[in-house]
Amino acid sequence: MKKLKLDIVGLSYSQTQSGAYALVLGEINGNRRLPIIIGSFEAQAIAVEIEKMAPSRPLTHDLFKSFADTFEITVDEVLIYNLVDGIFFAKLICSQGSQTHEIDARTSDAVALAVRFECPIYTYDFIMSAAGIVIESNDFAFLENMSTVSNSETQSPIPTKQEFQKPKEVSPYASLTLEQLENTLEKAIANEQYEVAAKIRDEIEKRKS
């Protein structure tokens, strides 16, 4: 079966799934997007690594990475290999020396590890054809709406494109000075409030641009 290489193009709060986030994977050199509903913990784990934030203590996926590095295990590839009743199935293609192993994983966990191991993410063409959304422009805002987190960790059936379009809202940090923003960012990271830190970082970058 034909495999397609994917990249992370969006991560935003789902307006229809309470406490859930929309992870949007994009086809390399293509215009199809694969939206996947994930839990808040996994969304935070992905955002923290993409934003290169340094948590005061390792998160679960960071611990897995450290464990793998210690025993010279690498994750070479993440493959989203099936779609059943709206639920995506993924596996890690791992190697240790000359041995190769496939480990079943939730798609959200697999992607969180992919960004840490800097390994490629693939899916099959039939999955993209069945669940992908064709877009003509970049309708998804990268790392938007990370200020609200709950405990939902269950993947749900495939959402529609309209569920993930960027909402029109004013940043709650708009009234703060740049110095206040930077101080608040440091406190948020120290307190491991990474979803808040991502929002503050976006406001700082907007001010500096």
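Residues numbered from 1 in each chain as written. Predicted model: local features only at pLDDT ≥ 70, side-chain atom pairs only at ≥ 80, totals over all residues. Heavy atoms only, no water.

Going through the model one piece at a time under the given rule, you end up with 13 salt bridges. With a shortest N-O distance of 3.0 Å, arginine 32 and glutamate 27 are connected by a salt bridge. Exposure class is identical for arginine 32 and glutamate 27. Each is buried. As a salt-bridge pair, aspartate 62 and arginine 116 come within 2.7 Å of each other at their nearest N and O atoms. With aspartate 62 in helix H2 (residues 60–70) and arginine 116 in helix H3 (residues 107–117), this residue pair connects regions lying 54 residues apart in the sequence. With respect to class, aspartate 62 is no different from arginine 116; both count as buried. Connected through salt bridges with shared partners, the residues Glu27, Arg32 and Asp125 form a single ionic network. (Salt bridge = Lys/Arg side-chain N within 4 Å of Asp/Glu carboxyl O. Buried < 20%, exposed > 50% of the residue type's maximum accessible area, 1.4 Å probe, protein only. Helix = DSSP H or I, 4+ residues; strand = E, 2+ residues; numbered from the N terminus.)

Counting 35 residues, the largest nonpolar core has Leu34 and Ile80 as its most contacted members. For this core, the secondary-structure elements that each account for two or more residues are strand E1 (3–13), strand E2 (20–27), strand E3 (32–39), helix H1 (40–50), strand E4 (74–84), strand E5 (87–96), H3 and helix H4 (125–131). The element best represented in this core is H3, accounting for 7 residues. Filtering out sequence-adjacent residues up to four positions away, isoleucine 80 remains in contact with Leu6, Leu25, Ile36, Phe88, Phe89, Ala90, Thr107, Ile121, Tyr122, Thr123, Tyr124 and Ile127. In this structure, Leu59, Ala188, Ala197 and Ile200 belong to the second largest nonpolar core, which totals 12 residues. (Core = buried A, V, L, I, M, F, W, Y, C linked by side-chain atoms within 4.5 Å. Contact = heavy atoms within 4.5 Å.)

Here glutamate 27 lies in strand E2. In this structure the side chain of glutamate 27 is engaged in a polar contact, spanning 3.0 Å, whose partner is the side chain of arginine 32. (Polar contact = N/O pair within 3.5 Å; in protein donor to acceptor, adjacent residues only side chain to side chain.)

What follows concerns the environment of serine 40. If you trace the backbone, serine 40 turns up in helix H1. Put simply, serine 40 and glycine 19 are 21 residues apart on the chain and 6.4 Å apart in space, counted from C-alpha to C-alpha.

Before going further, it helps to examine the sheet that holds E2. Ordered by their spatial adjacency, 8 strands build an open sheet running E6-E5-E4-E7-E1-E2-E3-E8, and the pairing between neighbours is mixed. Bordering the open sheet on either side are strand E6 (99–106) and strand E8 (133–134), each of which pairs with just one other strand. (Pairing = 2+ DSSP bridges.)

Attention now moves to unusual backbone geometry. Backbone geometry places lysine 52, a non-glycine residue, at a positive phi of 55°. Judged by relative accessible area, which is 55%, lysine 52 ranks as exposed.

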